[in-house]
Structure formats: C-alpha cells, structure tokens
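The chain contents come next:
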2 protein chains.
Amino acid sequence: MFEIKAKDNRARVGVLKTNHGNIKTPNLMPVIHPKKQVIDVKECGADIVITNAYLIYKDPELKQKAIDKGLHNLINFNGPIMTDSGSFQLSVYGDIDITNKEIIEFQNLIKTDIGTSLDIPTAPFVNREKAEKDLKITLNRAKEAVDYKRSTNMGMALNSVVQGSTFLDLRRKCGAELTKLNADLYPIGAVVPLMESYNYADLVDIVMNSVAYLPDNKSRHLMGAGHPMVFSLCVAMGCDLFDSAAYVLYAEDDRLLSTRGTFKLENLKEMPCSCEVCSNYTPDELREMSKKERTKLIAKHNLYVSFAELRLIRQAIYDGNLMELVEERCRVHPQLLNAYRQLTNYYEDLEKYDPRSKKSAFFYTGPESLLRSEVKRHLKKLRKMPKKRDLVILPPSRKPYSKYLSGKLGEFYVYGSENEIDLDKTDFMVLDIPFGLIPLEIDEIYPLGQNESPKNRDADSLEFLKDILFEFIKYYDQVLIHSKIIKDLNIDLYDKHPQSNEIRYLKNDLKKIKAIADYQFGIGSGSALFSGDDINIEKSKKTGKIRHVFDGKVPIVNMRASDSYLILSKEGAKRLHAHMEYPKNRIVVNEDSVPFVRDGKSVFSKFVVDTDENIRTNDEVLIVSEDDKLLGFGKSLLSAHEIHDFNTGQAIKTRKGIKKEEE
Amino acid sequence: MFEIKAKDNRARVGVLKTNHGNIKTPNLMPVIHPKKQVIDVKECGADIVITNAYLIYKDPELKQKAIDKGLHNLINFNGPIMTDSGSFQLSVYGDIDITNKEIIEFQNLIKTDIGTSLDIPTAPFVNREKAEKDLKITLNRAKEAVDYKRSTNMGMALNSVVQGSTFLDLRRKCGAELTKLNADLYPIGAVVPLMESYNYADLVDIVMNSVAYLPDNKSRHLMGAGHPMVFSLCVAMGCDLFDSAAYVLYAEDDRLLSTRGTFKLENLKEMPCSCEVCSNYTPDELREMSKKERTKLIAKHNLYVSFAELRLIRQAIYDGNLMELVEERCRVHPQLLNAYRQLTNYYEDLEKYDPRSKKSAFFYTGPESLLRSEVKRHLKKLRKMPKKRDLVILPPSRKPYSKYLSGKLGEFYVYGSENEIDLDKTDFMVLDIPFGLIPLEIDEIYPLGQNESPKNRDADSLEFLKDILFEFIKYYDQVLIHSKIIKDLNIDLYDKHPQSNEIRYLKNDLKKIKAIADYQFGIGSGSALFSGDDINIEKSKKTGKIRHVFDGKVPIVNMRASDSYLILSKEGAKRLHAHMEYPKNRIVVNEDSVPFVRDGKSVFSKFVVDTDENIRTNDEVLIVSEDDKLLGFGKSLLSAHEIHDFNTGQAIKTRKGIKKEEE
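Owing to the predicted nature of the structure, the values given are computational and were not obtained by experimental measurement. (Residues numbered from 1 in each chain as written. Chains lettered and ligands numbered in written order. Predicted model: local features only at pLDDT ≥ 70, side-chain atom pairs only at ≥ 80, totals over all residues. Heavy atoms only, no water.)

### A few points about the overall build of chain A
We count it as follows: Elements are defined by DSSP. Helices are runs of H or I of four residues or more, strands are runs of E of two residues or more, and each kind is numbered from the N terminus. With the radius of gyration taken over C-alpha atoms, the globule rule is written as 2.2 Å times the number of residues to the power 0.38. Residue exposure (1.4 Å probe, protein chains only): buried if accessible area is under 20% of the type maximum, exposed if over 50%, otherwise partly exposed. Only the protein chains shown count as cover for residues, with accessible areas throughout obtained via the Shrake-Rupley method and a probe of 1.4 Å. Only four residue types enter the tally: Lys and Arg on the positive side, Asp and Glu on the negative side; His and the chain ends are excluded. The atoms used to mark charge sites are NZ of Lys, CZ of Arg, CG of Asp and CD of Glu.
When you go through chain A residue by residue, the secondary structure sums to 25 helices and 30 strands. Taken against the 2.2 N^0.38 rule, which gives 26 Å for 663 residues, the C-alpha radius of gyration of chain A at 28 Å falls within 12% of a compact globule. With respect to the three principal axes, the spread of C-alpha positions in chain A is 90 × 65 × 50 Å. For chain A, with 663 residues in total, the buried portion stands at 62%. With an accessible surface of roughly 26,000 Å², chain A has 47% of that area assigned to carbon and sulfur atoms. Distance from the positive charge centre (98 side chains) to the negative charge centre (97 side chains) of chain A: 3 Å.

### Describing the sheet that holds strand 23 (residues 554–559) of chain B
All names here are of chain B. Note the threshold: In this scheme, strands are said to pair when DSSP sees at least two bridges between them. Working convention: axes come from line fits to C-alpha atoms, limited for helices to the stretch in contact. Angles between N-to-C directions cover 0 to 180 degrees. A contact between two residues is defined here by any heavy atoms of the two lying within 4.5 Å.
Spatially, four strands are ordered 21-22-23-24 in an open sheet, and the strand pairing comes out antiparallel. Where the open sheet ends on each side, the last strands, each with one partner, are strand 21 (535–539) and strand 24 (566–568). On average, each strand axis in the sheet is inclined to that of its neighbour by 25 degrees, with strand direction left out of account. Across four bridges, the pairing between strand 22 (residues 546–551) and strand 23 is antiparallel. Bridge assignment links Asp-551 to a residue of strand 23, and that residue is Val-554. Packed on one face of the sheet, helix 21 (residues 509–521) meets strand 21, strand 22, strand 23 and strand 24 and runs near 75 degrees to strand 24. Packed onto the sheet, helix 23 (residues 570–579) meets strand 21, strand 22, strand 23 and strand 24 and runs at close to 90 degrees relative to strand 23.

### Quick word on the interface of chain A and chain B
Quick reminder of the rule: Take the accessible area each of two parts loses on contact, using a 1.4 Å probe, and add the two losses: that sum is the buried area. Criterion for a salt bridge: a side-chain nitrogen of Lys or Arg within 4 Å of a carboxyl oxygen of Asp or Glu. The term polar contact refers here to a pair of N or O atoms within 3.5 Å; inside protein, the definition further demands a hydrogen-donor-capable atom paired with an acceptor-capable atom, and it admits residues adjacent in sequence only when both atoms are side-chain atoms.
Of the residues lining the interface, 53 residues belong to chain A; the matching set on chain B comes to 53 residues. In total, chain A and chain B occlude about 4,800 Å² of area from one another, counting both sides; carbon and sulfur atoms represent 48% of this. A per-residue breakdown of the area chain A buries against chain B is headed by Arg-260, Glu-270 and Glu-328 of chain A, which together make up 15% of the total. At the surface where chain A touches chain B, the tally comes to 10 salt bridges. Ionic pairing is found between Glu-270 of chain A and Lys-24 of chain B, a salt bridge with its closest N-O pair at 2.9 Å. Applying the counting criterion to the chain A and chain B interface returns 35 residue pairs in polar contact (both at pLDDT 80 or more).

### Some details on the pattern of salt bridges
Once the charged atoms of two side chains with opposite charge are near each other, the side chains can pair. Applying the stated criterion across every chain, the model contains 104 salt bridges over all chains. Salt-bridge contacts for Lys-358 of chain A lead to Glu-374 of chain A; the nearest nitrogen and oxygen are separated by 2.7 Å. Here the residue Lys-358 of chain A occupies a position in the loop between helix 17 (347–351) and strand 14 (362–363), and Glu-374 of chain A occupies one in helix 18 (residues 373–384), the gap between them amounting to 16 residues. Summarising the burial analysis for this pair, Lys-358 of chain A and Glu-374 of chain A share the class buried. Across the pair Asp-8 of chain B and Lys-358 of chain B runs a salt bridge whose closest N-O atoms are separated by 2.5 Å. Separated by 350 residues along the polypeptide, Asp-8 of chain B in strand 1 (residues 2–8) and Lys-358 of chain B in the loop between helix 17 (347–351) and strand 14 (362–363) bring together distant segments of the chain. Each member of the pair, Asp-8 of chain B as well as Lys-358 of chain B, carries the same accessibility label: buried. Look at the salt bridges and you will find they share partners, linking Arg-260, Glu-309, Glu-328 and Arg-329 of chain A together with Arg-260, Glu-309, Glu-328 and Arg-329 of chain B into a network.

### Some remarks on a nonpolar patch on the surface
The criterion, for reference: Like charges are joined within 9 Å and nonpolar side chains (Val, Leu, Ile, Met, Phe, Trp, Tyr) within 5 Å, but only among residues with over 30% relative accessible area and no salt bridge; these make up the patches.
Together, Phe-88, Val-92 and Tyr-93 of chain A give the surface a local cluster of nonpolar side chains, amounting to about 370 Å² of exposed area. Along the chain, Phe-88 of chain A turns up in helix 4 (residues 87–93).

### Notes on the relation of the copies chain A and chain B
Stated precisely, the cut-off is as follows: Least-squares superposition of the copies uses the C-alpha atoms of those residues scoring a pLDDT of at least 70 in each of them.
Laying chain A over chain B is done by rotating through 180 degrees and shifting 0.0 Å along the axis; what remains is an RMSD of 0.0 Å. Each copy turns onto its partner about a two-fold axis. Scanning chain A for the C-alpha nearest the rotation axis identifies Cys-275 of chain A, at a separation of 2.0 Å. Comparing interface residues between copies, 100% of those in chain A also lie at the interface in chain B; the contact surface is shared.

### A closer look at the confidence of the model for chain A
Let me state the cut-off plainly: Each residue gets a pLDDT score, which is the predictor's confidence in that residue and runs from 0 to 100.
Confidence along chain A averages 96 in pLDDT terms, with 100% of residues attaining 70 or more. As a predicted assembly, this complex carries a pTM of 0.97 together with an ipTM value of 0.96.

### Observations regarding the sheet that holds strand 15 (residues 390–394) of chain B
Residues and elements named next belong to chain B. Strand order across the open sheet formed by five strands is 16-20-15-17-18, with mixed pairing between neighbours. With one partner strand each, in any of the chains shown, strand 16 (412–416) and strand 18 (436–439) form the two edges of the open sheet. On average, each strand axis in the sheet is tilted by 30 degrees relative to the strand beside it, whichever way the strands run. Of the pairings in the sheet, the one linking strand 16 to strand 20 (residues 478–482) comprises five bridges and is antiparallel in character.

### Details of a negative patch on the surface
On the surface, a cluster of negative charge is made up of Glu-463 and Asp-467 of chain A together with Glu-463 and Asp-467 of chain B. For the negative patch, the secondary-structure elements that each account for two or more residues are helix 19 (459–473) of chain A together with helix 19 (459–473) of chain B. You can see Glu-463 of chain A is positioned in helix 19. Taking relative accessible area as the criterion, Glu-463 of chain A reaches 39% and is therefore assigned partly exposed.

### Here's the deal with the side chain of Glu-444 of chain A
Secondary-structure assignment places Glu-444 of chain A in the loop between strand 18 (436–439) and strand 19 (451–452). Among all residues touching Glu-444 of chain A, those that are not within four sequence positions of it are Pro-400, Gly-449, Gln-450, Lys-512, Lys-545, Asp-563 and Ser-564 of chain A.

### Describing the packing of helix 9 (residues 200–211) of chain B against helix 16 (residues 334–343) of chain B
All names here are of chain B. Note the following rule: Rotating anticlockwise by less than a right angle from the far helix to the near helix defines a left-handed crossing, while the corresponding clockwise rotation defines a right-handed one. Charged means Asp, Glu, Lys or Arg here, nonpolar means Ala, Val, Leu, Ile, Met, Phe, Trp, Tyr, Cys or Pro, and polar covers whatever is left, Gly included.
Contact geometry for helix 9 and helix 16: axes closest at 7 Å, N-to-C directions at 35 degrees. Between helix 9 and helix 16 the crossing geometry is right-handed. Only Gln-335, Leu-336, Asn-338, Ala-339, Gln-342 and Leu-343 of helix 16 make contact with helix 9, whose side of the interface consists of Tyr-200, Ala-201, Val-204, Asp-205 and Met-208. When the residues that make up the contact of helix 9 with helix 16 are grouped by side-chain class, the tally is seven nonpolar, three polar and one charged.

### Side note on helix 6 (residues 128–152) of chain B
All names here are of chain B. Here is the rule: One fewer than the residue count of a helix, multiplied by 1.5 Å, yields its expected span.
Over its 25 residues, helix 6 extends 36 Å from the first C-alpha to the last, a length consistent with the 36 Å expected when each residue adds 1.5 Å. Every buried residue belonging to helix 6 is among Ala-131, Asp-134, Leu-135, Thr-138, Leu-139, Ala-142, Ala-145, Val-146, Tyr-148 and Lys-149, and all of these are buried. Where helix 6 is buried, its residues touch helix 5 (100–109), strand 8 (157–159) and helix 7 (168–181). Sitting at the amino-terminal end of helix 6 is Asn-127, which places a side-chain oxygen 3.2 Å from the backbone nitrogen of Glu-129. Of the residues trailing helix 6, Asn-153 is marked for its positive phi of about 60 degrees.

### Section: unusual backbone geometry
Look at the link from Ile-433 of chain B to Pro-434 of chain B: it is a cis peptide, with omega at 0 degrees. Looking at where Pro-434 of chain B falls in the secondary structure, it is placed in the loop between strand 17 (426–432) and strand 18. Between Tyr-582 of chain B and the following residue, Pro-583 of chain B, the backbone shows a cis peptide bond with an omega angle of 0 degrees. Backbone geometry at Asn-585 of chain A places phi at a positive 65 degrees, although glycine is not the residue there. The topology assignment puts Asn-585 of chain A in the loop between helix 23 (570–579) and strand 25 (586–589). Assessed through its relative accessible area of 8%, Asn-585 of chain A is described here as buried. Non-glycine residue Tyr-198 of chain B carries a positive phi angle of around 60 degrees.

### A short note on the pairing of strand 22 (residues 546–551) of chain A
Residues and elements named next belong to chain A. Here strand 21 (residues 535–539) pairs with strand 22 via five bridges, running antiparallel. Bridged to Lys-539 within strand 22 is Ile-546. Connecting strand 21 to the next strand, strand 22, in antiparallel fashion are six residues, including Gly-544 with a positive phi near 75 degrees.

So, in structure tokens, the structure goes:
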C-alpha cells in the first residue's frame, strides 16, 4: 500500500494507497475532533486526517452515528481517515475501559481507513524495567491486532506503533519485531515530550533507531509531530506522515506556527508569511476580532504554512536538495542545529539510501556539510581507488577543474622521498571542500563537479582539508603540493621541487573514461570495458564533452551529460559482466523473470532474489539470473536495501534485455 | 522625511514620509511599466511603487497625460511614487536625449513624490579612470539637481545616487560628498550585474562602503534589488528600499521567486509557498493555463513572497533577531553564505548601530555567530574590566550559570605560578560559546544570559574558546581551569591544583551589582553608585532576582528583569554624574533645552550638541548641559552616531528631569 516515487538520503516521496484514495507523502494529517471542527481542513490542503476512535467509542451519540453512517460521514471527510486507539488517553489517565481487540474491532466497524492497536506510549527517560514491561505489552497487542485482522479478513489497514522510550536498543528491537508482523504502517510513538522540551538531539537518536529495522516498503508516521519547524528534519530521517492538533490548539492560544518557530500574536507587529490570512490581515485587525473568528483565521494560517512546508519538502526530494533545506531550517533554533549535527553521526545509514546522482548541485551550508553522506561516500571510494607512485595536489579553480587548469601549474613543495618527476607515475587531484580530494579524471561526475562552497572558509573546512591531505600523503612515495595550498593551509613544508616547472596535467580521454568506470563500477571496470586497440571516443561538438565510446563501431557506453556517469550499451554490459565477479553491479532475478528481462521488461522488486549491496538509486546495473547469466541491464530506481524490502513496484528500469543467443 | 522606529545592527524599521503618505521601511517598490500593468500591485501589498520618468517623457501620449492629469492618475496608483530618471537607459544605450535639469523639472511637473537626478550608473570592474570620470559627472548632476530643487522650491523629494563602480574608496567618497548635499534619499546604484552573477561578496563590500558615510537620517534604496533571497542581507547592511521589476519579468519567464532562490515552473511538481496562488493551484494547472493568466498568477505569487519576506524582516528587527534571519537565509546559496562571512569583517561598523539590549535571545547558528558585533562588543569590554590576581574558569551549566553552579565545583588544573587559593583575589568566569568568557557576576545581563548554542560543537567554536582562554591566561598570575574544559578542549595541562577542593564561588550581591555597573557604565561606576554603609538590596520574592538597590531608603538603581541592566534613579544618576568624567554616559543638550529636560521632557536629536560616542540604543544615559550640569536621565532611543545625524525625532526618552534645586 506504499510506493516510493523519489528519494533523497533517507527521505522519500511516496504514495500511500488507502480505501479512500491515494495520498502523497510526506504529508500531514490534521487532527479532527469528532465533536467540534473549527475549520474545513480540506479547503486548507488536507488530503488525509486523523481522529480518535476511543473518544467516539466513549460518546454514545457519536458511537451510534459512527456505526450507523460510518466514520467518514460522522466527521464529514471523504478522504482517507486514520484513527488513534485511545493510547494517548491511556498515557494520560493511566487506564481506559476498552480492550485492544475491542478498539480494533470498533475501528473496523466504523470503516476507518487506517486503525491502530492499543499500544503503550512509554514516556522518555523512564527506567529500563518500565520501558521493557510496556514494550512487551505493546508488542503483544500489535501481534494480537495483526492476527485478529488476518483471521477476520479486515479491510482496514493497521498501524503498529514503535515504542521503547529513550532506550535505543529497545527502539531497534521493537522495530525489528514489528517488522516481522508485517503490519501496514509503522508509527513512531511517545516523542512529544522531547519535542516540547526542544530536545531534538534525543529525538534524532530515537527516530533513527526506530526506523533502523523498519521495512522500507511501509510508511512511517511520527506521532504528535505537528510543528512545521521539524518537518524537514524528520522527513530526512525517513518519516512520511505527521499529525497536527497543533494547528488548532496553537490557534486557540493565539499562536502562529512557522518554519521559523512560533509567533505569539501579542508580540507581532507584522504578519509572518505569504498566506492569504497574513496577506489580508494585520496583527491589530486579528487582535480586534472575536476570539472565534480569530481562532479560525490563525488555524487556517497554521495549516497553510504546514502544507506549504510539506510541498517544499516534497519538491526538495524531487530536486535532490532536501539536506540543504534541512540545514537551512535547522538554523532557526540552536537545539535543531544540535540535532542536525547529531544526525550526521548516522551517515552510514543515510548513505545506504542516498541516490548516486541527483538533479541539484550539492551546496555547502556550513561545517555540517562536510559530514554528509555524499562526502563520506566519495572518500570511501577514493581510498579504494588504485594509486600511482606520486601525487600532485592542486588548488581549486572553476569547475570542472580539469577544464580550467592553466598550462603552467605553478610552484610545488615536495613531501616524502624526492623523486624524479614521472608524469606516467603521477596522480593529479584537486584539494577542495566539500569533497576533499578530487582526481582530475573524475572531476565531472556527480557530485564532484556539481557543488558550490563559499570562498571564505571556516575552521572545520581547513581542518578537513588538512586531514585529507595528510591521510593521502601516506599512500604515495612523493607528494607535490601546490604553493597556494601550502600558504592557505599554513603547512610547514619548505622544500620546493626542483622540477616544479615540468609538472603538467596531460589530458587523456581514455584514462578519463577508465577512471570514471573504475569509480562507478569498481576497480578493473575501466580496463574491462575499454580494452582493445580501436577504442573510439566521440565528443559533443558543442560542449567538447565525451558522449559515446565505441570499440571499432560497437558502442560500449554513453556518457550522460548531466552527471558524467557512464550508461552501458549491450557490449559494455557484457564486458562488465564478464570481468566483474558476482555479485558486483548485479541484480539477480528469479527463474520466472528470466524471459521477461530478456525481452526488455523492467524488473519488479518482488522478483529480485539478490543484489550487490552497494547498489543505489540511479546506478547502472546488470540484471542476471540466479546462475549469473546476463539477462539485461538498466537503471536502479531504488537502493539495494529498498529492493529487498519491497514486494510491489519497479526496482530496475531495464534499458535493454539480452537474448539467449546474444549472451 | 525619515524616522527610525526600531533597530538591529545596521538594520532599521523606519517611516518614510512623502507627499502621498507615510510608508514603513524596509519596503519594496514594484516597478510599474507606464504602459502595461499586469496586476494590481496594491492588492498584493504594495505601499509605494516606482516607474520610469524618462519612458513617459519619451512617449508623447504618456507625456501629455502625465502633465495634464498627473503621474498618479497616469499609472493609477494613489500612494507614493518614485521615478527613475533614465539613467538605466543611459547605461544600456550609452546616450539619451534629455538633460539632467530637464528630467528633474519633468518629474516635478508630473508630481512624482520622489524624483532622481541623471546619474551615471558605472558598471562593476571598469577601469579606475572611467569610474572617476563617471563619478564626477554623477556628483555634479546631483549637486545641480539639489541646487535646482532649492532655487525653485520644489515639493518633490530628491534621490542622489551613490556610484563608484567596484572601487570602495570611490563609493565612500561618493557617499561623503552626497551627504554634504543633504538630498532627501540616497539610492545605491549599479549593483545589478553583481547580483546577476551571484557575486554577493562584492555586493557586501560595495554596500557597506556606500553607506559608510551616508547620513543615518535618510533612507537608502538598493537599486535593482528585487529578489527576496537577498532582502534580509541587504537590510542588515542598512538598506531601506528595494525595487522589483523581477516580479513581472520572472513571471513572464515562468519563474517563481522565493527566499530559497528561483523555481522554474517547468521543474516544479509542487507549489513552493503558502500564498493563495500556491495554495490554490498546482504546477500542472498553471502550465495548462493561457500564458497571460499564468503570468498574472506567478507575478502575484512573486509579490506575495516578496512582501511576506519584508514583513518578516521588519518583525525580526522589532524582535532583535534579524541577524539570525540573515544567517538562515544565507544558507540557500554558498555565495550568499560567503557574502555573509564577508559582512562579519564589518563588525565595528555594525556594532556602532546595534542596540545594547534586545527582545530576543542570541541564537548561535554557525561559526559566523562568533564574529557578530555582540560578541566582539562583549570581548572588548571584558578586556577592559578590572582583573584580580587569579582566575577560575568553569565549564558552562544551565543559564544563568551562577544560579545552577553546584557547591563542589570539581577538579582544577593550574596554569601560571601556583599560589595559595585566595577567593578574595579570584575572578570566576565561565568559558562558553558564543561569548567566550562570562564573569559570573554579570552572567544575567543581555546577551550573556540570553543566548543558546548547540552542544555538538564545530571547530571554529573550539578554536575560539582556546584562543580566548589563552589570551586571558596572560592577564592573571594563576589560572585554575576546570578538568572538564581541559578534556573538552584537549589542553596539555597536567598539574592539578592541590587546593581544588577549596575553590568555591561565593555569591555576593553587592559585588554583583558593582560588576554590572562597571560593565554597563564603565569602570569605577560600581563603587561610585554603591558606596555607603547602608546599601540595601531588595530581591523579587518570586524569582530571587535583584530588583532595587537603596542607600538607606534612597533608591539608587532598579534592575530590569528582562535583561538585568541597571536603571538609574535620581540618586544613582547624581552619583554616576559626580564620579564619571565628562563625556562618559552623557548626552549634552543645548542651552535652550535645559528647562525642558529639567521638566522631564524627552530630548530631540536636533537639540543634542554632543554625546559619549559609546552610547547605543537602549543605554541608560545622563542628560547634561553644555557646562555638564546634570539635567536629567533617560534611555537612549538611538546610538551616538544616529543622534548626530538626525535633526528630527526623539533621541532620549527622559525618565526624570532634575531641577536646579535638586542638583
């Protein structure tokens, strides 16, 4: 019931399918009080709402109406409705007079689209014993609910809530256990007290550990998160749904929500956003209104800004610049910045989900950018690349660096054993933020060529550059460092290389495409793809960039103009397959799919039996059978992790199938 | 014709008075094409517009109508209108067929509210000779226009444009020369090419040098700046007015303005803001519309976001957190971040204008925060404070630090000559970002007690703390550094002080108010104010904070709860006046004002003949006569600099006057 349409780091734009239609995620469910509805939330942009089944159950009149006419009729909303089970009341009052089974049954009876079992929302910072005891009940009830749903063949989708208080291992355990149940959605519960106390760093730890073992093919709802200032951060952690009672509670209290925090009407001289309320009224006019009228307008404003933020977030995921949005939003409060810095500790987890190539350039927004998964990914790959005897390190120029190099490179200081210059034994790299060292051969590929950073540098950037420099110095016999770098980084190095003048970067297209192949597909790919005496490289007349590579007249790869990655042709796929050992670059499909892939049909996740775990969204991949026969090749729409979890939807957009006779 | 209502750093909320009413600044003037008006800009929030007098002059029909019925009628706008003179056309076409005098005369004839002389917009990066030659003409024409206006007693207000290309000394010279002319408004010209090439760092240098010598009592218009992504940065540099043709030009090109940059409609899957256009249409719906209808809606969106940003900026100035808004906005593009980092070089200039106390807490948003004027101001003051023999440096706790200190302070490492602990000879300070070292006695005053920073620290913060620590170590015999700091900052210090256990911070209210007085009014103020055997300190029963200080029963000062600064009473003012030498803490008024101040009337800028140059907005000041007789005391509404420049409006809100017999 959930499909991924676009991704950025752990964030995804998805489609959630319900009995009352499909909705886009990330999205916000305004909380509807079953008895009093202040404004028409649909008019303000709501696609899905949430209400409380327990409150309806407890009110004889509401209950009867809900049973007779259905929930959608009761609250007058014809889109998808989620209901909560009374867990919140349980957490507040300590006890409620309904069983788990009863509330499940009732939710199904009144035709909720998505119902919730009666979990125990364990508050943050309780003792371990309490957290464990509560979790046991939560897990039992989740299982009971799923079993009951299955045995009665319920049409209602089911939430199973991740709990575990602030114990990260319990959160992970709960996620893993619930995953086994195969529920329909996975809310993350009991985080409201952390948000109320601005403890966003702990929120990051809890959410990241809650989602760690949750399946990627189910949507996740961060329960009680309704303030637009945290949406982007939470989406970046993989949350898909939010709910907001805040829009109306804050309105009743004359408080206006904003991505910059909360504004109290009493302090406002100016209206803070571009919505129709802010554009048409002044704070004085609002203050002079009746309480009722004012509450309505502020509630509308609160929803307008919330839905605008969610649209902006979805657009940022499509564009591949969500992290830049998060980095901007996190400046509005030091505790949010602290939380974002905390999130950078999870770069390995984020990297697993991050597409290889995106539409937007990578923007450096501050020291945190140096810790992004794209940077970590590049450095990890760079460490594994083959290394020559010597290394020349150049200062940054305009990008792509190799295009704007001057003929005379300047003066170089030498580190390590001073050798005779031998350009054949020399790697050339540029030292720059945020990617550290960028080999000139691969300086056009995403994001190494598609990024911007400020010229005025911070201390973290300088430290980062020094650290990378001194790390890579160790891998080479002789390292030649450009005088500008010596000066900028204040490096204690006094020996100029006597042959400084002889250092030239000799552009070589064959070396370039080999280096790109090695970086993209793994070491050895370059020589595997581009061996032969008749490798022809065709360039664009307009831009001078490499477009096609042939062996004689047989196409091997194309180079994509937007990100300079290589797109395989049939011959390229065969060569790669022949030389790179299983399971490198491979998607393995089951026996039944073999003829379809050979026919050029795209691959659905449920037919994938194995993958190279390094595959990421937008990677070019080989599609093989279980006995490693090459069936075709294509572009991955998901990361390896996600392909494993999904059993609906496409995994690989097949570019071409390979017939048996073509193998 | 310009008054300041609120301030933050160099930014100000002001009121610009025109023949067609008052408008709030910062504000945006949508450009109205005299022949085609796409939308009703007033409906979208415009209070003032700009149009081109030269285009009207050149079109016989428009010209006649403008002369007959007036400009306001011609473009159907009944608020203030500014006109440009044809300089832009001059810069594009090289030559135009009208003289400076003619265009001034024509603008006045058609009843423009604010007209412009025919300056030469010299492009960036021309050679010096060209820039100097152009500037000479610009200055001559500005003088000619002002002279002509005076001699003919024109009702029209007059712009004199600051030019000088990218030569910073020419910009300063131009500002200084134009200031002598006493024109009505000072636009800053020829910066559009810099904005078009994202060269915001040079824009910062040019604007800061252009405004450096401009008078504070005139509004400044950054010509051609119409993109909301730069508004906050430019307001922080002291710009009051912007103009936008962008709203319609971008709309015609299917581009949507946003504080996050520009969105091309073709790339949008979601509408990016909360305005009524974005809330009511999808990108697909816009794409399917007629070009005309779509342009209208996008132009509206462009104005809605622009005016929303200006409202938010004005609110931020009222709240005293404009720099936090700028720091957030500058994350949207690395060149903007670079520009903001460039702006931090001008901290001395910003500090001169920054109010001493503000409504909002100081938020750390990144390394740039360490370079803000508030931080520089504190460190400068701290260096001048009297120092005891020894210094104890503590790690941060909750704020105010002194309230949350534990009894046992922990282990201390010693730096310098190890002496016997003597608490009477010891200063106690907390080491924290962003303010470096905070003496415990003054830890409640703004902004030392009103700030937040992330716990996860960046390299600049650690370097900053180390630098401050090692600077202050030099001023003391023995410095005792808490073990936590040694660990956090990784300091090579191995000698624990054997008397670590005896180190206690002994709270002493008298010492505290003396320290605050010294910090606030200058060294010696504490003993001047609080000498006597019967100093009584009265605290709030609710908060435990100091509220009033008496000598016997005579009130000396109150302490303001919000920022812990001291408010003088009559006795306090007299003591301060008697002990602090001229012109410290003083506002000197002319002879005519003496009786009014003695009567408790507030002080207008034009009656001030001298000031202590260290006076800042919200400072408590002494009001004296030219022979330094104490006339009263009050709160400064402006900084010393501004008081000098203004000849209208209040400078000091007098708290109390002092009669001759009370002296």
